[in-house]
Amino acid sequence: MQHPAVPELAHTRARPLHWVATAAAVSAVVALTGLLQPGPATAQPAAQAAPADPGPAKEHRPAPPPEAPGTEGAEFPLDCGSADAVVQDEAEGDLDGDHAPETVAVVHCDAGSGTPPRAVYVLTASQDPKGPPRVVATLLDPLEQRGIESFAVRDGVVRATLLGYSSVDIPRCCPDTQEDVTWHWSGKAFLRSDPARSAGA
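These figures come from a predicted structure and were not determined experimentally.

Check the secondary structure of the chain and you find 2 helices and 8 strands. Beginning at the N terminus, the succession of helices and strands in the chain can be written as α-β-β-β-β-β-β-β-β-α. Within the chain, the fraction of its 201 residues that count as buried is 25%. Carbon and sulfur atoms form 57% of the exposed surface of the chain, whose accessible area is close to 14900 Å².

Quick look at the structure:
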């Protein structure tokens, strides 16, 4: 028998054990390669879009302050009989510190002649926007038989000069006394004071 020119190498002959070892090695390499692979890429959050330009800011305007009530339609607690009640003077101001101004009115009966006594009332706006103003306080009762020469509301204080009579013999047309008085809100009621008397006490 003729021998081949190239000697047969023993390790080139495929054996079952050889194939098992090769398969195990390949599997190990594949597994190791899987472990060494970089993890899945983490998605980066997309950059947040800049908010749309809202345009120029609207100018903030404070609400206008409430208005003092008028005197039209008010029912004054003044007994004038068949005559009408006449508003001689009025002034406005925040008397109780609630930032809603009140109106103070000097009222008398339209007697036609003579000097009818004056009354002073405090009015506030009606709770009904269409309703008439309400009389909430009487500062000067007409039964005092006083006239009023000057009248004003300043810094939440009502100021007036009251004219009166020293005796019943003085004609009602010609008052012969006067006193400067003020009214201010105490938190519960309007208090009347006489600065001249307080200074002389």
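So, on to the pattern of salt bridges. Scanning the entire structure with this criterion turns up 3 salt bridges. One salt bridge connects E179 with R146, and the closest N-O pair in it is separated by 2.9 Å. One end of the pair, E179, is in strand β7 (residues 177-185); the other, R146, is in the loop between β4 (134-140) and β5 (147-154), and 33 residues separate them in sequence. Put simply, E144, R146, E179 and R192 are held in one network by salt bridges that share partners.

Next up on the list: the environment of A100. Looking at the element boundaries, A100 is found in the loop between β1 (85-93) and β2 (102-109). Note on A100: relative accessible area 27%, which makes it partly exposed. Separated by 32 residues in the primary sequence, A100 and A68 have C-alpha atoms spaced 7.1 Å apart. With sequence-adjacent residues up to four places away left out, A100 is seen in contact with P66 and D94.

Moving on, we get to unusual backbone geometry. Look at H99: it is not a glycine, yet its phi comes out positive at around 65°. As for its placement among the helices and strands, H99 is situated in the loop between β1 and β2. Residue classification places H99 among the exposed positions, given a relative accessible area of 66%. Positive phi, close to 55°, is recorded for D155, a residue that is not glycine.

On the surface, E67, D89, E90 and E92 cluster together into a patch of negative charge. Following the sequence through the fold, E92 ends up in strand β1.

With 68% of its residues at a pLDDT of at least 70, the chain reaches an overall mean of 80. In the predicted structure, residues 1-12 sits below a pLDDT of 50 and forms 1 contact with residues beyond four places in sequence or in another chain.

All right, on to the sheet that holds β2 then. Across a sheet, paired strands are connected by hydrogen bonds in the backbone, their directions being either parallel or antiparallel. With antiparallel pairing, the 4 strands of this open sheet are ordered in space as β1-β2-β3-β4. What marks the edges here is a single partner per strand, and that holds for β1 and β4. Each neighbouring strand pair of the sheet contributes to a mean axis angle of 30°, computed without reference to strand direction. One ladder, built from 5 bridges, connects β2 with strand β3 (residues 119-124); its direction is antiparallel. From the neighbouring strand, V106 faces β3, where its bridge partner is V120.

This next bit is on the packing of aromatic side chains. Summed over the entire model, instances satisfying the criterion amount to 2 aromatic pairs. The aromatic ring of Y165 is capped on one face by R172, whose charged end is 3.7 Å from the ring centroid.

Moving on, we come to the state of the cysteines. Tallied over the entire structure, the rule returns 1 disulfide. In this model C80 forms its disulfide with C109; the gap between the sulfur atoms is 2.0 Å. Handedness of the C80-C109 disulfide follows from its S-S torsion of about -85°: it is left-handed. Of this pair, C80 sits in the loop between α1 (16-36) and β1 while C109 sits in strand β2, and the two are 29 residues apart along the sequence. Each member of the pair C80 and C109 is classed as buried.

Cut-offs used in this document
- Residues numbered from 1 in each chain as written.
- Predicted model: local features only at pLDDT ≥ 70, side-chain atom pairs only at ≥ 80, totals over all residues.
- Heavy atoms only, no water.
- Helix = DSSP H or I, 4+ residues; strand = E, 2+ residues; numbered from the N terminus.
- Buried < 20%, exposed > 50% of the residue type's maximum accessible area, 1.4 Å probe, protein only.
- Areas by Shrake-Rupley, 256 points an atom, 1.4 Å probe, with all protein chains shown as cover.
- Salt bridge = Lys/Arg side-chain N within 4 Å of Asp/Glu carboxyl O.
- Contact = heavy atoms within 4.5 Å.
- Patch = residues over 30% accessible without salt bridge, like charges linked within 9 Å, V, L, I, M, F, W, Y side chains within 5 Å.
- Lys, Arg positive; Asp, Glu negative; His and termini not counted.
- Charge placed at Lys NZ, Arg CZ, Asp CG, Glu CD.
- pLDDT = per-residue confidence, 0-100.
- Pairing = 2+ DSSP bridges.
- Axes fitted to C-alpha atoms, helices over the stretch in contact; angles between N-to-C directions.
- Phe/Tyr/Trp six-rings, centres within 6.5 Å; stacked < 30°, edge-to-face > 60°.
- Lys NZ or Arg CZ within 6 Å of the ring centre and 35° of its normal.
- Disulfide = S-S within 2.5 Å.

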